[in-house]
Amino acid sequence: LEEAAEAAASAYARQGGGGTTTTPAPYKDRGSLDSAGGRDSTVDAQKLHSRLKEQFRNQIALFRQGVYLITGFKIDMSQGGDNDSQIFTVRSVYGEREEDHLKFKWSPKKK
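The residue numbering used here restarts from 1 in each chain and proceeds along that chain's sequence as written. Side-chain atom pairs in this predicted model are given and counted only at pLDDT of 80 or more, local residue features only at pLDDT of at least 70, and totals for whole chains, interfaces and linings cover all residues. Excluding hydrogens and water, the side-chain figures rest on all heavy atoms present in the structure.

Visitor: What should I look at first to understand the overall build of the protein in this one?
Guide: Each helix corresponds to a stretch of at least 4 residues labelled H or I by DSSP, and each strand to a stretch of at least 2 residues labelled E; elements are numbered beginning at the N terminus. If you tally the helices and strands in the protein, you get two helices and three strands. Written out in order from the N terminus, the α and β elements of the protein read α-α-β-β-β. Expressed as a percentage of the 111 residues in the protein, the buried residues total 8%. For the protein, the proportion of contacts with a sequence separation of at least 24, taken over those separated by at least 6, is 4%. Calculation of accessible area relied on Shrake-Rupley with a 1.4 Å probe; when residues are assessed, cover is drawn exclusively from the protein chains displayed. Summed over all atoms, the accessible surface of the protein reaches about 10,000 Å², with 56% contributed by carbon and sulfur. Classification of residues uses two cut-offs on accessible area relative to the type maximum, computed with a 1.4 Å probe and protein chains only: under 20% is buried, over 50% is exposed, and between them is partly exposed. The contact criterion used throughout is that any non-hydrogen atoms of two residues lie within 4.5 Å.

Shown next as structure tokens:
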């Protein structure tokens, strides 16, 4: 087993996998090409924007699930009546009815 691990490690190193690894940037501004050319940087920016939105959506869902599993509380956030406030609804996993929840209204003050 050790020999197989050493062989895999040396094969990985021969392929250039050893040492430091760099992660490529998700987006590099390539600039616009001419009208006869091809790529437009706005298309790349839109792709980057949609990918970032999807990643944020996934991370937020993961965070909410983790909070629910660790604490037993599900927390939802919604826009308040006035656009300056947020309403947080907290539900317990042990709540007997769907109406059993706490609501908090938060109005952050802008400076």
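Next comes the rest of the write-up.
Visitor: Honestly, a nonpolar patch on the surface in this entry has me stumped. Any pointers?
Guide: Grouping into patches uses exposed residues only, defined as over 30% relative accessible area, and leaves out salt-bridged ones; the cut-off is 9 Å for like charges and 5 Å for nonpolar side chains (Val, Leu, Ile, Met, Phe, Trp, Tyr). Think of a salt bridge as a Lys or Arg side-chain nitrogen and an Asp or Glu carboxyl oxygen that are within 4 Å of each other. Residues Tyr68, Leu69, Ile70, Val93 and Tyr94 make up a contiguous nonpolar surface patch of roughly 620 Å² in combined accessible area. Its location among the elements puts Val93 in the loop between strand 2 (86-92) and strand 3 (101-106). Given a relative accessible area of 40%, Val93 falls into the partly exposed group.

Visitor: What is the right way to look at the sheet that holds strand 2 in this model?
Guide: Two pairing modes exist for strands in a sheet, parallel and antiparallel, and in both the strands are linked by backbone hydrogen bonds. In spatial order, the strands read 1-2-3; together these three strands make up an open sheet with antiparallel pairing. Two strands in the sheet have a free side with no partner beyond their single neighbour: strand 1 (73-79) and strand 3. Across the sheet, the mean angle separating the axes of adjacent strands is 20° when strand polarity is ignored. Here, a strand pair is defined by DSSP locating no fewer than two bridges between the strands. Of the pairings in the sheet, the one linking strand 2 to strand 3 comprises six bridges and is antiparallel in character. Pairing of Gln86 across the sheet is with Trp106, part of strand 3. Between N-to-C directions, angles cover 0 to 180 degrees, with each direction set by a line fitted to C-alpha atoms, over the stretch in contact for helices.

Visitor: I'm lost on the packing of aromatic side chains in this one. Help?
Guide: Two aromatic rings are characterised by how far apart their centres lie and by the angle between their planes. The aromatic pairing rule takes the rings of Phe, Tyr and Trp, using the six-membered ring of Trp, and pairs them if the centres are within 6.5 Å, calling planes under 30 degrees apart stacked, those over 60 edge-to-face and the rest tilted. Within the structure shown, the criterion is met by one aromatic pair. For the ring pair Phe88 and Trp106, a centre distance of 6.4 Å and an interplane angle of 40° mean the geometry is tilted. Note that Phe88 is positioned in strand 2 and Trp106 in strand 3, a separation of 18 residues in sequence. For Trp106, a relative accessible area of 48% translates into the label partly exposed.

Visitor: Please explain the pairing of strand 2 as it appears in this structure.
Guide: Two elements, strand 1 and strand 2, share seven bridges in a ladder whose sense is antiparallel. For Gln79, the partnering residue across the bridge sits in strand 2 and is Gln86. Counted between consecutive antiparallel strands, the loop separating strand 1 from strand 2 contains six residues.

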